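Each chain, letter by letter, is given below.
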Amino acid sequence: MNKKWALITGASKGLGFEYCDLLLEQGYDIIGVARNTTSLEQLKNKYTDREVIAINMDLSNNENCFKLIEQVKEKNIELVINNAGYGVWGMFEKSDTMSEMNMIDLNIKSLHILTKEFVKIFKVKNVGRIINVGSMAAFTPGPVFAGYYASKAYVVSLGEAVNLELKKAKSKVRVITICPGPLKTDFWNRSSNQIDATYYSKVKVMSTRTYAIKSLRKCLKTNKSVVIIGKMNKLAKFGIKIAPRKTVLTKMYKYQKER
Ligand SMILES: NC(=O)c1ccc[n+]([C@@H]2O[C@H](COP(=O)([O-])OP(=O)(O)OC[C@H]3O[C@@H](n4cnc5c(N)ncnc54)[C@H](OP(=O)(O)O)[C@@H]3O)[C@@H](O)[C@H]2O)c1
């Protein structure tokens, strides 16, 4: 029987690592991509009857995205999770331009390239699912974290549009966007002004493992384009929708500035 492969970007830690673990448990063989994939050795040792291909690659170099596709396209990939991403925090005129361009290359361009190329590959076989990791940040502008919020709005907008194209074409291929709220991962050490993200160590949020289990279960089945897990996140999205834009923006400004 043909092996069933999943490709996960940002596989070395946080949410991506949990997805790799869960997918191996569910019978997938995986291709995990990150700049440093040493941690995937643990999974190779845990699932000795599965294949784990670890690829060290910087996906913010967009040429690498095409190289990656060339490297893996012969595998029977049925699932792609575009998860690698980070944020650049700070007032817009102060945050480092080159860091922001790197973030845009990763959060937007690499996700765009991989989504497009795998939609093409999957459409031919009429099978396959792409899960793009957005964020609750997609639903409102984010003063003091402006570029990151905007990058995640792009992820949601792209995914919803492409998923509708696929449905209209009566394709079985799907692009599902998940929008996590805050998770306690290394994200905050890279994506905030804190050396050691102590703020988030104090906030009570769903564990990354639980979030991965719930979101994966939903994303592998749903016909919806956007998936939100957790009552608080659903409530926040509703609040953002009904509250005056000015109120939401002021709240976001205060929230991000004090972080
Ligand atoms: N944590 C949150 O509160 C939160 C909330 C909403 C959405 N999200 C989104 O969830 C996704 C996963 O974040 P996380 O919280 O799990 O963060 P994380 O623990 O920092 O993990 C990020 C992953 O992306 C990889 N990565 C970073 N830069 C890369 C690059 N240039 N090329 C290839 N891989 C790269 C990292 O590995 P290397 O460093 O080895 O490259 C790591 O595996 C991101 O898209 C993030 O925006 C996070």
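Details of the structure are given in the entry above.
This one's a predicted model, so the numbers in the text were calculated from it and none came from an experiment. (Residues numbered from 1 in each chain as written. Predicted model: local features only at pLDDT ≥ 70, side-chain atom pairs only at ≥ 80, totals over all residues. Heavy atoms only, no water.)

J.: What's the story with empty space enclosed by the protein in this structure? I'm lost.
T.: By rolling a water-sized probe across the atoms, one finds the places where empty space is left. Here the structure, examined in full by the defined rule, presents one cavity of 30 Å³ or more. Considered as a void within the structure, the largest cavity measures approximately 30 Å³ in volume. Looking at the lining of the largest cavity element by element, the count peaks at four residues for helix 4 (residues 97-125). A class-by-class count of the residues in the lining of the largest cavity yields five nonpolar, no polar and three charged. (1 Å grid on protein atoms, 1.4 Å probe; cavity = no way out; pocket = protein on both sides within 12 Å on 5 of 7 lines; lining within 4 Å. Points joined across faces, edges and corners; volume = space filled by probe spheres on them. Helix = DSSP H or I, 4+ residues; strand = E, 2+ residues; numbered from the N terminus. Nonpolar A, V, L, I, M, F, W, Y, C, P; charged D, E, K, R; others polar.)

J.: It is not clear to me how the layout of surface pockets should be interpreted in this structure. Could you clarify?
T.: The space that makes up the second largest pocket amounts to roughly 220 Å³. Lining the second largest pocket, in full, are Lys218, Lys224, Val226, Val227, Ile228, Ile229, Gly230, Lys234 and Lys237. Elements that contribute at least two residues to the lining of the second largest pocket include exactly strand 7 (226-227) and helix 9 (231-242). Split by residue class, the lining of the second largest pocket holds four nonpolar, one polar and four charged.

J.: When you look at the packing of helix 1 (residues 14-25) against helix 8 (residues 208-219) in this model, what are you seeing that I'm missing?
T.: Packing of helix 1 against helix 8 brings their axes to within 9 Å, and their N-to-C directions diverge by 55°. Considered as vectors, helix 1 and helix 8 are oriented oblique to each other. Where helix 1 crosses over helix 8, the handedness of that crossing is right-handed. Contact with helix 1, carried on its side by Gly14, Leu15, Glu18, Tyr19, Asp21, Leu22, Leu23 and Glu25, involves Thr208, Arg209, Tyr211, Ala212, Ile213, Ser215 and Leu216 of helix 8 and no other residues of that element. A breakdown of the residues in the contact of helix 1 with helix 8 according to their chemical character gives eight nonpolar, three polar and four charged. (Axes fitted to C-alpha atoms, helices over the stretch in contact; angles between N-to-C directions. Parallel < 35°, antiparallel > 145°, perpendicular 65-115°, else oblique. Left-handed = near helix turned anticlockwise from the far one by under 90°. Contact = heavy atoms within 4.5 Å.)

J.: Can you walk me through the pattern of salt bridges in this structure?
T.: Side chains carrying opposite charge are able to pair once their charged atoms draw close together. On inspection of all chains with the given rule, the structure shows eleven salt bridges. For Lys3, the salt bridge goes to Glu51, with nearest N and O atoms at 3.2 Å. Placement of Lys3 in the segment before strand 1 (5-9) and of Glu51 in the loop between helix 2 (40-46) and strand 3 (52-56) is noted, with a sequence separation of 48 residues between them. Looking at Glu51, the relative accessible area reads 32%, which means it is partly exposed. (Salt bridge = Lys/Arg side-chain N within 4 Å of Asp/Glu carboxyl O. Buried < 20%, exposed > 50% of the residue type's maximum accessible area, 1.4 Å probe, protein only.)

J.: In this structure, what is going on with the pairing of strand 6 (residues 174-178)? I would like to understand it.
T.: On a regular strand, one side chain projects to one face of the sheet and the next to the other, so that they alternate. Counting buried positions over the five residues of strand 6 gives five, a clear majority of the element. Side chains of strand 6 alternate between two faces, with Arg174, Ile176 and Ile178 and Val175 and Thr177 buried alike. As judged from the five bridges shared by strand 5 (residues 129-133) and strand 6, these two strands associate in the parallel manner. Each bridged residue has a counterpart across the sheet, and for Asn132 the counterpart in strand 6 is Thr177. Handedness of the strand 5-helix 5 (residues 146-168)-strand 6 crossover: right-handed. (Pairing = 2+ DSSP bridges. Right-handed = clockwise from strand over helix to strand, strands pointing away.)

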